Amino acid sequence: MQRFPEIIARYEGWTCQQCGKPLMPGKAQLTYMGSVFDVELPKCAKCGMVIVPEELALGKMLEVEQVLEDK
Ligand SMILES: [Zn+2]
C-alpha cells in the first residue's frame, strides 16, 4: 500500500463535510490507467468519504506507475 505522509499530515484535524467526523488515515483504492492501487488517504471513519488531493490524482500516481514499470 502506498503511503503519503505529507498528505496525511496536511489533512490532520480536518473533518468530514458530510457528518463532521474527524478524518483518519485509511485504505482507499485508486484506479489509474486500468490498474488499481491501494493507497492510504484521509478517510472519514463513519461514511467512508476519502479525500483524493488533485496532486495525487495527477502527479503521484504517475510516479507510482513509473515505479511499477521499472520493476
Ligand atoms: Zn463522513
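Residues numbered from 1 in each chain as written. Predicted model: local features only at pLDDT ≥ 70, side-chain atom pairs only at ≥ 80, totals over all residues. Heavy atoms only, no water.

1. Some remarks on the overall build of the protein chain
- The helix and strand tally for the protein chain stands at 2 helices and 3 strands.
- When the helices and strands of the protein chain are placed in sequence order, the string is β-α-β-β-α.
- Scored against the burial criterion, the 71 residues of the protein chain give a buried share of 31%.
- Counting only carbon and sulfur atoms, one obtains 50% of the accessible surface of the protein chain, whose full area is about 4900 Å². (Helix = DSSP H or I, 4+ residues; strand = E, 2+ residues; numbered from the N terminus. Buried < 20%, exposed > 50% of the residue type's maximum accessible area, 1.4 Å probe, protein only. Areas by Shrake-Rupley, 256 points an atom, 1.4 Å probe, with all protein chains shown as cover.)

2. Thoughts on the environment of Lys43
- As for its placement among the helices and strands, Lys43 is situated in strand E3 (residues 35–44).
- Judged by its relative accessible area of 26%, Lys43 falls in the partly exposed class.
- Note: C-alpha distance between Lys43 and Lys21 (22 residues apart in sequence) is 9.7 Å.
- Excluding residues within four positions of it along the chain, Lys43 makes contact with Pro22, Leu23, Met24, Gly26, Lys27, Gly48, Met49 and Val50.
- Only 2.9 Å separates the side chain of Lys43 from the backbone oxygen of Lys27, close enough to count as a polar contact. (Contact = heavy atoms within 4.5 Å. Polar contact = N/O pair within 3.5 Å; in protein donor to acceptor, adjacent residues only side chain to side chain.)

3. Details of the coordination of the zinc ion
- Protein coordination of the zinc ion is provided by Cys16 (SG), Cys19 (SG), Cys44 (SG) and Cys47 (SG), with donor distances spanning 2.2 to 2.4 Å.
- Around the zinc ion, the 4 donor atoms sit at angles spanning 101 to 126°, and that spread fits a shape best called tetrahedral.
- Ordering the donors of the zinc ion by residue number gives the pattern C-x2-C-x24-C-x2-C. (Donors = N, O, S within 2.8 Å, 3.2 Å for Na, K, Ca; no water. Tetrahedral: all angles 85-135°; square planar, octahedral: opposite > 155°, others 65-115°.)

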